[in-house]
Amino acid sequence: MDLDGSEQDPEVKEYSPVCVGREDDIKKSKRMTAVVHDREVVIFYHKGEYHAMDIRCYHSGGPLHLGEIEEFDGRPCIVCPWHKYKITLATGEGLYQSINPRDPSAKPEWCSKGVKQRIHTVTVDNGNIYVTLSKEPFKCDSDFYATGDFKVIQSSF
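Residues numbered from 1 in each chain as written. Predicted model: local features only at pLDDT ≥ 70, side-chain atom pairs only at ≥ 80, totals over all residues. Heavy atoms only, no water.

1. Some remarks on the pattern of salt bridges
Part 1 of the argument: Using the criterion set out here, one finds eight salt bridges in the structure.
Part 2 of the argument: Residue Asp-73 pairs with Arg-75 through a salt bridge whose shortest N-O separation is 3.8 Å.
Part 3 of the argument: A relative accessible area of 51% places Asp-73 in the exposed class.
Part 4 of the argument: Judged by relative accessible area, Arg-75 falls into the partly exposed class, the value being 26%.
Part 5 of the argument: What you see here is one network of salt bridges that share partners, running through Arg-39, Asp-54, Arg-118 and Asp-143. (Salt bridge = Lys/Arg side-chain N within 4 Å of Asp/Glu carboxyl O. Buried < 20%, exposed > 50% of the residue type's maximum accessible area, 1.4 Å probe, protein only.)

2. Overview of the packing of aromatic side chains
Part 1 of the argument: Inspection of the entire model under this criterion finds four aromatic pairs.
Part 2 of the argument: Centre to centre, the rings of Tyr-58 and Tyr-85 are 5.7 Å apart; their planes meet at 70°, and the pair counts as edge-to-face. In this pair, Tyr-58 is assigned in the loop between strand S4 (49–54) and strand S5 (68–72) and Tyr-85 in the loop between strand S6 (75–79) and strand S7 (86–88), connecting sequence segments 27 residues apart.
Part 3 of the argument: When its relative accessible area of 24% is taken as the criterion, Tyr-85 is described as partly exposed.
Part 4 of the argument: Over the ring of Phe-138 we find Arg-118; its NZ or CZ atom is 5.4 Å from the centre of that ring. (Phe/Tyr/Trp six-rings, centres within 6.5 Å; stacked < 30°, edge-to-face > 60°. Helix = DSSP H or I, 4+ residues; strand = E, 2+ residues; numbered from the N terminus. Lys NZ or Arg CZ within 6 Å of the ring centre and 35° of its normal.)

3. Side note on the sheet that holds strand S11 (residues 128–132)
Part 1 of the argument: Strand order across the open sheet formed by six strands is S1-S11-S10-S4-S3-S2, with antiparallel pairing between neighbours. Edge positions in the sheet fall to strand S1 (18–22) and strand S2 (31–36), since each has one partner strand and no second. Direction aside, the axes of adjacent strands within the sheet are offset by 30° on average.
Part 2 of the argument: Pairing geometry for S1 and S11, over four bridges, is antiparallel. By the bridge assignment, Arg-22 is partnered in S11 with Asn-128. (Pairing = 2+ DSSP bridges. Axes fitted to C-alpha atoms, helices over the stretch in contact; angles between N-to-C directions.)

4. Some remarks on the nonpolar core
Part 1 of the argument: Within the largest apolar cluster, 14 residues are counted, with the highest numbers of intra-cluster contacts made by Val-20, Ile-26, Val-36, Val-41, Ile-43, Val-122 and Val-131.
Part 2 of the argument: Sequence-distant contacts of Val-122, that is, excluding residues within four places in its chain, are made with Ile-43, Tyr-50, His-51, Ala-52, Ile-129, Tyr-130 and Val-131.
Part 3 of the argument: Val-42, Phe-44, Met-53 and Ile-87 belong to the second-largest nonpolar core, a separate cluster that totals eleven residues. (Core = buried A, V, L, I, M, F, W, Y, C linked by side-chain atoms within 4.5 Å. Contact = heavy atoms within 4.5 Å.)

Following this line, the structure appears as structure tokens:
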């Protein structure tokens, strides 16, 4: 129990920031991969902003670090190279196009499936890039592929 008498969720962990590289390097390559507290993440540099998320796509474990960034409905998204799933860089929402089948003249509209990909915090300090893992208590679909069975980055241990 906390001092105020409330119980903490045992699943919520506090993670410290981990230095994953230099700002100059990611600005050149536009992306990088890293292992942060045993979780694989991809960090993107897009239009002056940093974004980090789980490296494997929530849908089927596709390698997001190999995907292209495209704009959909004004939102930058990573497009999974396996099945073309679209994930917003800022929120981790899965996007899809929907159409009203009762209206033959309707145009497809972009809709959200909700948050599907876990997003992590990126900070810059003195030219170093740091990633802090999400401490959001909700389960994300991408959590399934963030386990050891699906790792794509080989550790040097």
